[in-house]
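Here's the letter readout for the chains.
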Amino acid sequence: MRVVGVLMKKVYGSAADALDGLLFDGMLIASGGFGLCGIPELLIAAIRDAGTKNLTVASNNAGVDGFGLGVLLETRQVKKMISSYVGENAEFMRQYLSGELELEFNPQGTLAERMRAGGAGIPGFYTKTGVGTVIADGKDVKTFDGQDYILERGLVADLSIVKAWKADPSGNLVFRKTARNFNPPAATCGKVCVVEVEEIVPLGALDPDTIHLPGIYVHRIIQGDHEKRIEQRTVRKRETA
Amino acid sequence: MMWDRNQMAARAAQELQDGWYVNLGIGIPTLVSNYIPAGIEVTLQSENGMLGMGPFPYEGDEDPDLINAGKQTITELPQTAFFDSAQSFAMIRGGKIAMAILGAMEVAENGDLANWMIPGKLVKGMGGAMDLVAGVGRVVVVMDHTSKHGESKVLRACTLPLTGKAVVDRIITNLGVLDVVPGGLRIVECADGVSEADLRAATEATIVG
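Since the model is a prediction, treat every value here as computed from it, not as a measurement.

1. Remarks on the interface of chain B and chain A
The interface of chain B with chain A comprises 49 residues on the first partner and 52 residues on the second. Between chain B and chain A, a total of about 4400 Å² is buried, with carbon and sulfur atoms accounting for 59% of that surface. If you sort the residues of chain B by the area they bury against chain A, Tyr58, Asp65 and Lys71 of chain B come out on top, with a joint share of 19%. The tally of links from chain B across to chain A stands at 6 salt bridges. When the shortest N-O distance is used, the salt bridge between Asp65 of chain B and Arg176 of chain A registers 2.8 Å. Where the side of chain B that touches chain A is concerned, the elements lending two or more residues are strand E4 (76-82), helix H3 (85-93), strand E9 (122-123) and helix H4 (129-135) of chain B. A class-by-class count of the residues in the side of chain B that touches chain A yields 20 nonpolar, 15 polar and 14 charged.

Here's what the structure looks like:
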């Protein structure tokens with residue numbers, strides 16, 4: 001019985017409650033999501049409402065104008081982004097080109113591996129991604145078996161914000177389709193990880209063999225309704241007989 | 001005459017070999033999936049975390065949780081597998097993907113590729129392109145041979161920030177196909193109605209052989 005009581009402490013009533021005491025100006029936040037797919041939209045809105053400033057956000061993208069992390073750009077709460085792709089966000093590009101926003105470009109796989117490594121206690125790793133490009137500037141280069149690799153750092157964030165499909169009260173997570181993306185590595189690299197899900201199911205309802213991320217990485221959970229906006233709606237015509 | 005976007009994609013599809021795992025970039029490379037030759041089975045990887053990418057959904061079947069790396073709604077296939085971004089780039093960096101077909105802003109005769117930014121003007125980001133060109137078995141670039149102003153984009157040396165150094169194996173443009181070989185580029189074939197002289201005239205890079 002005591003075990004169940006401990007587990008239940010991870011579940012919070014709202015995004016604001018779940019972030020209470022975790023936010024501070026100048027902090028580093030790692031966010032899951034790819035484009036607008038699998039983004040922690042409820043936690044982003046709560047960070048906007050909290051007004052936390054001078055954020056550094058590590059996230060593959062920065063959402064679009066008015067949705068996803070784009071919301072925090074519009075309110076000027078973000079000082080710096082660590083991202084691989086910003087092409088769909090006009091406000092991002094405007095703030096960057098005018099010098100208002102710092103941007104550290106990370107190749108997508110390097111960003112994912114920096115999060116994974118950070119969460120796995122690995123402070124640095126060598127990769128051939130970016131060798132001979134501006135990404136290698138100022139980084140240690142080492143030759144292994146005749147090929148050059150550059151040193152990249154594991155990334156540890158003050159807070160991870162993550163979107164999953166289902167959670168149980170112990171924090172075990174299941175993701176859905178390509179909404180998994182950066183969420184597991186982002187979850188592991190935070191000193192604290194807050195997760196929003198579409199459904200919290202009872203303990204025992206998730207098959208232990210199908211859990212994508214074990215609850216050890218998850219500290220706080222909320223359930224809520226998600227807009228799940230589609231960025232590029234592409235369809236084909238039904239063939240008519 | 002020269003190849004249009006679809007003809008370039010169809011030519012690029014001839015590069016596919018049976019059983020390969022392949023990553024297709026955004027733009028013309030995405031169209032390659034429409035021209036996979038009969039009898040060739042390839043598994044398409046989408047670097048946001050999917051192997052076995054299917055076609056666009058029928059209207060009304062779009063799923064916001066199921067997109068490709070271009071953020072387009074897609075579908076799954078019976079062999080589809082989903083995974084996270086770290087796993088996705090482990091298979092890319094680890095050399096498990098046989099070939100990537102990518103777009104380009106500039107390509108150089110030594111195989112240098114530039115396709116992620118124009119300083120001071122256009123900032124898109126490299127996305128997964130730097131990882132792909134560093135990790136996959138073979139890199140094929142599909143691009144227009146010249147800019148809107150008629151300047152060659154097939155160069156002696158790239159002027160834009162690089163995506164990868166000496167990474168391109170084959171270049172497919174609206175004017176033809178060229179391979180990166182020691183000393184420069186070798187003409188493999190010319191597009192329909194394009195002469196070798198036309199191709200040479202539109203190419204700044206050194207052509208050998």
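2. With respect to helix H1 (residues 5-13) of chain B
Residues and elements named next belong to chain B. Buried within H1 we find Met8, Ala9, Arg11, Ala12 and Ala13. The inward-facing, buried residues of H1 abut helix H2 (28-31), strand E5 (99-102), strand E10 (138-143), strand E12 (170-173), strand E13 (176-181) and strand E14 (184-190). In this structure Asp4 caps H1, since a side-chain oxygen of it lies 3.0 Å from the backbone nitrogen of Asn6.

3. Section: the sheet that holds strand E5 (residues 124-127) of chain A
Residue and element names in this part refer to chain A. Within the open sheet, the 3 strands sit side by side as E5-E7-E6. Their pairing is antiparallel. Of all the strands in the sheet, just E5 and strand E6 (141-144) have a single pairing partner and so form its edges. With direction set aside, neighbouring strand axes in the sheet form an average angle of 40°. Across 4 bridges, the pairing between E6 and strand E7 (residues 147-153) is antiparallel. If you follow Phe144 over to E7, its bridge partner there is Gln147. Against the sheet, helix H6 (residues 108-119) contacts E5 and E7, and its axis sits at roughly 150° relative to E5.

4. Regarding the sheet that holds E13 of chain B
Residue and element names in this part refer to chain B. One open sheet holds the 9 strands; their spatial order is E4-E3-E2-E1-E5-E10-E12-E13-E14, and the pairing between them is mixed. Of all strands in the sheet, those with a lone pairing partner are E4 and E14, marking the two edges. Taken over all neighbouring pairs, the strand axes of this sheet differ in orientation by 25° on average, direction set aside. In the sheet, E10 pairs with E12 via 4 bridges, with the strands oriented parallel. Along E12, the bridge assignment pairs Val141 with Ile171.

5. Quick look at unusual backbone geometry
All names here are of chain A. Despite not being glycine, Asn54 has its phi angle at roughly 55°, a positive value. Position of Asn54 among the secondary structure elements: in the loop between helix H3 (41-50) and strand E2 (55-58). Phi at Arg76 is positive, roughly 60°, even though this residue is not glycine. Topologically, Arg76 is positioned in the loop between helix H4 (70-74) and strand E3 (78-83). With relative accessibility at 47%, the residue Arg76 sits in the partly exposed group.

Cut-offs applied
Residues numbered from 1 in each chain as written. Chains lettered and ligands numbered in written order. Predicted model: local features only at pLDDT ≥ 70, side-chain atom pairs only at ≥ 80, totals over all residues. Heavy atoms only, no water. Contact = heavy atoms within 4.5 Å. Buried area = accessible area lost by both parts, 1.4 Å probe. Salt bridge = Lys/Arg side-chain N within 4 Å of Asp/Glu carboxyl O. Helix = DSSP H or I, 4+ residues; strand = E, 2+ residues; numbered from the N terminus. Nonpolar A, V, L, I, M, F, W, Y, C, P; charged D, E, K, R; others polar. Buried < 20%, exposed > 50% of the residue type's maximum accessible area, 1.4 Å probe, protein only. Polar contact = N/O pair within 3.5 Å; in protein donor to acceptor, adjacent residues only side chain to side chain. Pairing = 2+ DSSP bridges. Axes fitted to C-alpha atoms, helices over the stretch in contact; angles between N-to-C directions.

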